[in-house]
Number of protein chains: 2
Amino acid sequence: MEIIETKKLWDNYEELANTNICLVGWIRANRASGKIGFIGFSDGSSLNTVQVVYKLEFLPNFATISAATLNSSILVEGRLVVTKGSKQPFEIQATKIDVLKEADASCPIQKKHHNNEFLRTISHLRPRTNKFYSIMKIRNELANSIHEFFKNNGFVLVHSPIITSNDAEGAGESFEIKDTENGPFFGKKALLTVSGQMAAEAFAQIYKRVYTFGPTFRAEKSHTNKHLAEFWMVEPEIAFINLDKLTIIMEQVIKHSIVYLFKYAKDELEYCNNNIDKTLIERLTKVVDSNFPRVEYRDAVNILKTAVAKKEAKFINENIFFGMDLGTEHERYICEKVYNSPTFILNYPKRIKAFYMKLNEDGTTVAATDLLFPGVGELCGGSQREDSYQKLIKRCNELQMDTNGIQWYLDLRKYGYYRSSGFGLGFDRFVMYLTGSDNIRDVIPFPRSHGQLEF
Amino acid sequence: MEIIETKKLWDNYEELANTNICLVGWIRANRASGKIGFIGFSDGSSLNTVQVVYKLEFLPNFATISAATLNSSILVEGRLVVTKGSKQPFEIQATKIDVLKEADASCPIQKKHHNNEFLRTISHLRPRTNKFYSIMKIRNELANSIHEFFKNNGFVLVHSPIITSNDAEGAGESFEIKDTENGPFFGKKALLTVSGQMAAEAFAQIYKRVYTFGPTFRAEKSHTNKHLAEFWMVEPEIAFINLDKLTIIMEQVIKHSIVYLFKYAKDELEYCNNNIDKTLIERLTKVVDSNFPRVEYRDAVNILKTAVAKKEAKFINENIFFGMDLGTEHERYICEKVYNSPTFILNYPKRIKAFYMKLNEDGTTVAATDLLFPGVGELCGGSQREDSYQKLIKRCNELQMDTNGIQWYLDLRKYGYYRSSGFGLGFDRFVMYLTGSDNIRDVIPFPRSHGQLEF
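Residue numbers here run from 1 along each chain, matching the order of that chain's written sequence. Chains and ligands are labelled sequentially in the order written, the chains with letters from A and the ligands with numbers from 1. Predicted model: local features are reported for residues with pLDDT of at least 70 only, side-chain atom pairs are reported and counted for 80 or more only, and whole-chain, interface and lining totals are derived from all residues. Heavy atoms throughout the structure, all of them, feed into the side-chain values; hydrogens and water do not.

**Details of the overall build of chain A**
Check the secondary structure of chain A and you find 13 helices and 15 strands. Reported as C-alpha extents along the three principal axes, the dimensions of chain A are approximately 85 × 65 × 40 Å. Here, two residues are considered to be in contact whenever any of their heavy atoms come within 4.5 Å of each other. Within chain A, contacts between residues separated by at least 24 positions form 68% of all contacts whose residues are at least 6 apart in sequence. Carbon and sulfur atoms provide 48% of the accessible area of chain A, an area that totals close to 18,100 Å². Counted as positive: Lys and Arg. Counted as negative: Asp and Glu, with His and the chain ends omitted from the count. Just so you know, the charge point we use is NZ for Lys, CZ for Arg, CG for Asp and CD for Glu. Computed over 57 positive and 55 negative side-chain charges, the separation of the two mean positions in chain A equals 2 Å. What counts as a helix is a DSSP run of H or I of at least four residues, what counts as a strand is a run of E of at least two, and both are numbered from the N terminus. For accessible areas, the Shrake-Rupley method is used with a probe of radius 1.4 Å. Any residue's cover is judged against the shown protein chains and nothing else.

Rendered as structure tokens:
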């Protein structure tokens, strides 16, 4: 008999009523009493387990089945019976169950509550729990949504390099590759990339719209809930557009992803809503329906100043001035208290932003934006790029940068570079936001951070 | 006026005849004589440039336009005119051309033939040539085809980690992360991954069908045309299937990708066919239509032996025996001369294959397969995995492996691991095959190999 997926059963159980079906997967729950037993069965295709009912009268190996441990793999044949009114809308009445491989009772995943800290120590097993099944599935569908959005909008994917000689941006926070016995393998210092932006900019000058989607690295020793040493970034880059147009695309990507998840990861979002963050679906629905406000950095500073003056807000750092780097407390006040929405902050002082951002006509600010999210803070940052070779070189000199390794990048401005804008989306932080998770270690299969390198 | 893409013009020029359109992009060719000029225009959305005709009588800045250099960015407004019978099926008769940004005449990409070696030194610019435009576009569409195939077939994407502590397989060919001033950042030796398989196996025991698609690394000093230090791999893993079923999926992936490219990268494949390998499209068509032969390693050895004995083949290494590792010359003989088709070799001697492959009942061979391609050699390798914890440990001991770092991986066998099979597809080599390219450095945006780390 052909094996069918439980997802197909959930989608079509009324049509499949009273037919014989065959399943292969794992035991997630098993209880038996005397003559009848019940298995919670999963084959990984659906978050929801399927109830398999087995009876002594039909199954000569009833004793074996009822003794089968959690996580054991089994083959089930039986009839699908619609069970209106009961907790499960259908069940499988087994005519045959083969235990394919018994799991050790020592398996750390058992039918009880495991906390997130413990589950991090068994990252290879944790998606066997409903919570991590849901989070990793949402992560997968989010990746699909990213590829779909960019494909539908004519973007070309660029596999930007991981090993690079350029640390213009890294400022000492890059991982370095160790030399071989005979010196540097590549003949020079080699680092792990902190961003694919430069490669993306080069290719945007050819295909106009491109994006990268790959791992990036920071040798930061921060032990916060929001930092990893290895994380995934999406970095779109679009030639010929300015900052305003860029924010429109940023907003579209976010909304497209949420709509996509509502379609392809509905069960998993509901699970997260019920078990991680009760406001999740309401919050995401609101985001899709809203227009993200745009506020100038300059105005944001004034809002904060006024709030402090009027004692409407209390910050640890109340020294608010134009030129300051906004702290998370300030960012959250803006997007949570003032706008209660994802919010773009625009045109930051050049002093606190990267060298490649386009200098505005005021000579003080650059055409940069951060997109702040309630509860999360910065989720994406983007900018229009400096297109003037002279201004870019001037800025590099002001910052006393060694431009040797990036001369090719600066040179792009000489070869028909009229305009280009792009942004970076922290993929893992986005998964946090979309699942209600409060620790980034819980949204990536095998987290890497300072002092942590298991699996 | 709204900007339109040249791809849309190529798709719909008959409908758009005599309408006014606006384009933004780059000059790829420009010649003028007295009162009329012609620009070969690209906006990156199509391989084919659009001919823009500009006339002194309509354009007051005619002199500026006719002096505009290659690579300069321009805005064009004009009327689309269908030009039946001429080389181009339509052209744009310009009513306005703004030179947005003049390119330096020093730009290394000019209207002449550049060889591949030179173009590798300007990897950031080379897709401005038709050849590299086509190759990188095909690479992009191939990535899309991979995601589509796996999504349509219910696979979950796993972001397997790049930094890892496991070098069980690497055998000294892994890159290592340099320690910080205060010792190892991760508290232990950290390497760049050579494969995402172990992570994939763990997740296949949950979602049943998973795949990875990411960068992998080898610190190999080989200077061949087929090796890179950093390359991309697709590694699907499927629980509950055996080697036979695996080969069916391998064959499906290959065929799906080719069919997808015929649909989404037709122009680029034709360019490669006409300019790189005249047999390309014929060859790919044949692959789609064929059934890949399966031949036992044991039989392949006998075929080779016979060929040598009968002097039907000439090899550098004619010492053919069961247990040998087939050389490229032998592999090519099998798939090119004997079968003239992509060919699966099945059930290799365990001695020449990896520790995790399932030992066959003969006690000598493992359930492994290589898929050999004419002209390329091995494109994918896969295996059914050893599912017995005891046998796996025994094999690790035979090979005197340090299993400390992979105990979690071995333990999977204890927790309901009935069966699992998977394969690795060298993404860059597949791009070589699909474009007719003979050097792997030409199919990845910024190649990294021994002594080579530019950009």
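Further notes follow.
**Examining the packing of aromatic side chains**
In summary, the pairing rule links any two rings of Phe, Tyr or Trp, Trp by its six-membered ring, whose centres are within 6.5 Å, and it sorts them by plane angle into stacked for under 30 degrees, edge-to-face for over 60 and tilted for everything else. Evaluation of the coordinates by the stated rule reveals 58 aromatic pairs over all chains. Arranged with centres 4.9 Å apart and planes meeting at 75 degrees, the rings of Phe 185 of chain A and Phe 186 of chain A form a pair that is edge-to-face. Categorising residues by exposure relies on relative accessible area from a 1.4 Å probe, with only protein chains included: less than 20% of the type maximum marks a residue as buried, more than 50% marks it as exposed, and the intermediate range marks it as partly exposed. In this structure Phe 186 of chain A comes out as buried when scored by relative accessible area, which is 2%. Considering the side-chain rings of Phe 185 of chain A and Phe 175 of chain B, the 4.9 Å spacing of their centres and the 90 degrees angle between planes classify their relative orientation as edge-to-face. Separated into two different chains, Phe 185 of chain A in the loop between β7 (163–164) and β8 (191–192) and Phe 175 of chain B in the loop between β7 (163–164) and β8 (191–192) make up a pair that spans both. Accessibility assignment for this pair places Phe 185 of chain A and Phe 175 of chain B in one class, buried.

**Examining the sheet that holds strand β10 (residues 230–239) of chain A**
Residue and element names in this part refer to chain A. Pairing between strands is defined by DSSP: at least two bridges between them are needed. Judged by pairing direction, the sheet is mixed, and its eight strands sit side by side in the order β6-β9-β10-β15-β14-β13-β12-β11 without closing on themselves. The open sheet has two edge strands with one neighbour each: β6 (156–157) and β11 (294–296). Strand direction decides the pairing type here: strand β13 (residues 365–373) and strand β14 (residues 377–384), joined by six bridges, are antiparallel. Across the sheet, Leu 372 pairs through a bridge with Glu 378, a residue of β14.

**Remarks on the side chain of Gln 51 of chain B**
Here Gln 51 of chain B is to be found in strand β3 (residues 50–55). For Gln 51 of chain B, the residues in contact, after removing those within four places along its chain, are Phe 38, Ile 39, Gln 88, Glu 91 and Ile 92 of chain B.

**Thoughts on the interface of chain A and chain B**
Opposite the 103 residues of chain A that make contact, chain B presents 103 residues. When two parts are put together, the accessible area they lose, computed with a 1.4 Å probe and summed over both, is reported as buried area. Across the chain A to chain B interface the summed buried area is about 8,500 Å²; carbon plus sulfur atoms make up 63%. Per-residue buried area on chain A facing chain B is highest for His 159, Phe 185 and Tyr 415 of chain A; these three make up 10% of the total on that side. Counted as salt bridges are all cases of a side-chain nitrogen of Lys or Arg within 4 Å of a carboxyl oxygen of Asp or Glu. Here chain A is connected to chain B by six salt bridges.

**A word on the domain arrangement of chain A**
How big an interface is tends to be stated in terms of accessible area lost as the parts join. All names here are of chain A. Residue ranges for the domains trace back to a domain assignment, done automatically or taken from a database. The domain boundaries assigned to chain A delineate domain 1 (6–101) and domain 2 (126–442). Taking the mean C-alpha position of each, domain 1 and domain 2 sit 46 Å from one another. Contacts between the two partners involve seven residues from domain 1 and, on the opposite side, seven residues from domain 2. Summing both sides of the interface, domain 1 and domain 2 together bury roughly 600 Å²; the carbon and sulfur share of this comes to 48%.

**Considering helix α9 (residues 297–309) of chain A**
Residues and elements named next belong to chain A. For α9, with 13 residues, the first-to-last C-alpha span of 18 Å sits near the 18 Å given by 1.5 Å per residue. All of the buried residues along α9 are Tyr 297, Ala 300, Val 301, Leu 304, Ala 307 and Val 308. For α9, the angular spread of the buried residues around the axis is 125 degrees, confining them to a single face. If you follow the buried residues of α9, they end up packed against β11, α10 (328–338) and β12 (343–349). Backbone geometry just downstream of α9 places Lys 311 in the positive-phi region, at approximately 55 degrees. The span one expects for a helix is its residue count, reduced by one, times 1.5 Å. The directions from the helix axis to the C-beta atoms are what the arc is built from.

**As for the nonpolar core**
Counting 233 residues, the largest nonpolar core has Ile 254, Phe 355 and Leu 425 of chain A together with Ile 254, Phe 355 and Leu 425 of chain B as the members making the most contacts within it. Formed by 24 residues, the second largest nonpolar core is a distinct cluster that contains Phe 186 and Phe 217 of chain A together with Ile 177 and Ala 219 of chain B. Only buried Ala, Val, Leu, Ile, Met, Phe, Trp, Tyr and Cys residues count toward a nonpolar core, and they belong to the same one when joined by side-chain atoms within 4.5 Å.

**With respect to the environment of Ile 138 of chain A**
Residue and element names in this part refer to chain A. Among the structural elements, Ile 138 can be located in helix α4 (residues 130–152). Taking C-alpha positions, Ile 138 is 8.6 Å from Tyr 264, a pair spaced 126 residues apart along the chain. Once residues lying within four places of it in the same chain are set aside, the contact partners of Ile 138 are Leu 261, Ala 265, Glu 268, Leu 269, Cys 272, Leu 434 and Thr 435.

**Observations regarding the relation of the copies chain A and chain B**
In this structure, two copies of a chain are linked by a rotation about an axis accompanied by a shift along it. Residues reaching a pLDDT of at least 70 in both copies supply the C-alpha atoms on which the copies are superposed by least squares. For the pair chain A and chain B, the superposition axis carries a translation of 0.0 Å, the fit reaches an RMSD of 0.0 Å, and the rotation angle comes to 180 degrees. A rotation of that kind, with that shift, is consistent with a two-fold axis. The fraction of interface residues of chain A whose copies in chain B are also interface residues reaches 100%, indicating that both copies meet through the same surface.

**Observations concerning the sheet that holds strand β4 (residues 73–82) of chain A**
Residues and elements named next belong to chain A. Spatial ordering of the closed barrel is given by β1-β2-β3-β5-β4, a layout of five strands whose pairing is mixed. Pairwise comparison of adjacent strand axes, ignoring direction, gives a mean angle of 50 degrees for this sheet. Relative to strand β2 (residues 36–42), strand β1 (residues 20–33) runs antiparallel, the two being bridged by seven bridges. For Ser 33, the partnering residue across the bridge sits in β2 and is Ile 36. Note on geometry: axes are lines fitted to C-alpha atoms, helical ones only across the stretch in contact, with angles between N-to-C directions running from 0 to 180 degrees.

**Focus on the side chain of His 256 of chain B**
Residue and element names in this part refer to chain B. Mapping His 256 onto the fold places it in helix α6 (residues 243–264). In protein, a polar contact means a hydrogen-donor-capable atom and an acceptor-capable atom, both N or O and within 3.5 Å, with residues adjacent in sequence counting only if both atoms are side-chain atoms; elsewhere, any N or O pair within 3.5 Å suffices. Among the polar contacts made by the side chain of His 256, one reaches the main-chain carbonyl oxygen of Ser 145 at a distance of 3.4 Å. Not counting residues within four places of it along the chain, the set of residues in contact with His 256 comprises Ser 145, Glu 148 and Phe 149.

**Some thoughts on unusual backbone geometry**
Residue and element names in this part refer to chain B. In this model, Lys 311 sits at a positive phi of 60 degrees, which is unusual for a non-glycine residue. Judged by its relative accessible area of 75%, Lys 311 falls in the exposed class. The residue Asn 340 is not glycine, and still its phi comes out positive at about 45 degrees. The topology assignment puts Asn 340 in the loop between α10 (328–338) and β12 (343–349). Relative accessible area serves as the criterion here: at 46%, Asn 340 is assigned to the partly exposed category.

**What about the pairing of strand β1 (residues 20–33) of chain B?**
Residues in a regular strand project their side chains so that they alternate between the two faces of the sheet. Residue and element names in this part refer to chain B. Strand direction decides the pairing type here: β1 and strand β4 (residues 73–82), joined by seven bridges, are antiparallel. Residue Cys 22 lies in a different strand from β4, and its bridge partner there is Glu 77. Linking β1 to strand β2 (residues 36–42), which pair antiparallel, is a turn of two residues; within it Gly 34 sits at a positive phi near 70 degrees.

**Re the environment of Val 194 of chain A**
Residue and element names in this part refer to chain A. Among the secondary structure elements, Val 194 is positioned in the loop between β8 and α5 (197–207). Judged by its relative accessible area of 11%, Val 194 falls in the buried class. For the pair Val 194 and Asp 167, spaced 27 residues apart in sequence, the C-alpha to C-alpha distance is 8.1 Å.

**Thoughts on the pattern of salt bridges**
Here the structure, examined in full by the defined rule, presents 53 salt bridges over all chains. Note that Glu 141 of chain B and Lys 137 of chain B form a salt bridge whose closest N and O atoms lie 3.9 Å from each other. In this pair, Glu 141 of chain B and Lys 137 of chain B both sit in helix α4 (residues 130–152), four residues apart, roughly one turn of the helix. Given the relative accessible area of 9%, Lys 137 of chain B is considered buried. Within this structure, Glu 201, Glu 237, Arg 385 and Arg 413 of chain A form a network of salt bridges that share partners.

**As for the pairing of β3 of chain B**
Residue and element names in this part refer to chain B. Burial within β3 is extensive, with five of its six residues counted as buried. Looking at chain direction, β2 and β3 are connected through six bridges and run antiparallel. Across the sheet, residue Ile 39 finds its bridge partner in β3, namely Val 52. Here β3 runs beside strand β5 (residues 90–101); their pairing, made up of two bridges, is parallel. Each bridged residue has a counterpart across the sheet, and for Val 52 the counterpart in β5 is Ile 92.

**Structural notes on the packing of helix α8 (residues 280–289) of chain B against helix α13 (residues 427–435) of chain B**
All names here are of chain B. Running from N to C, α8 and α13 cross one another at 115 degrees; their axes reach a closest spacing of 8 Å. Contact with α8, carried on its side by Leu 280, Arg 283, Leu 284 and Val 287, involves Tyr 433, Leu 434 and Thr 435 of α13 and no other residues of that element. Residues of the contact of α8 with α13, tallied by class, amount to five nonpolar, one polar and one charged. When residues are sorted by character, Ala, Val, Leu, Ile, Met, Phe, Trp, Tyr, Cys and Pro go into the nonpolar class, Asp, Glu, Lys and Arg into the charged class, and all the rest, Gly among them, into the polar class.

**Remarks on the state of the cysteines**
Two cysteine sulfur atoms form a disulfide, by the criterion used here, when they sit within 2.5 Å. Summed over all chains, the structure comprises zero disulfides over all chains. With no disulfide of its own, Cys 107 of chain A lies 20 Å from the sulfur of Cys 396 of chain B, the closest cysteine sulfur. Owing to a relative accessible area of 2%, Cys 107 of chain A belongs among the buried residues under this scheme. Not part of a disulfide, Cys 272 of chain B finds its nearest cysteine sulfur in Cys 380 of chain B, a span of 20 Å. By relative accessible area, which is 0% here, Cys 272 of chain B ends up buried.

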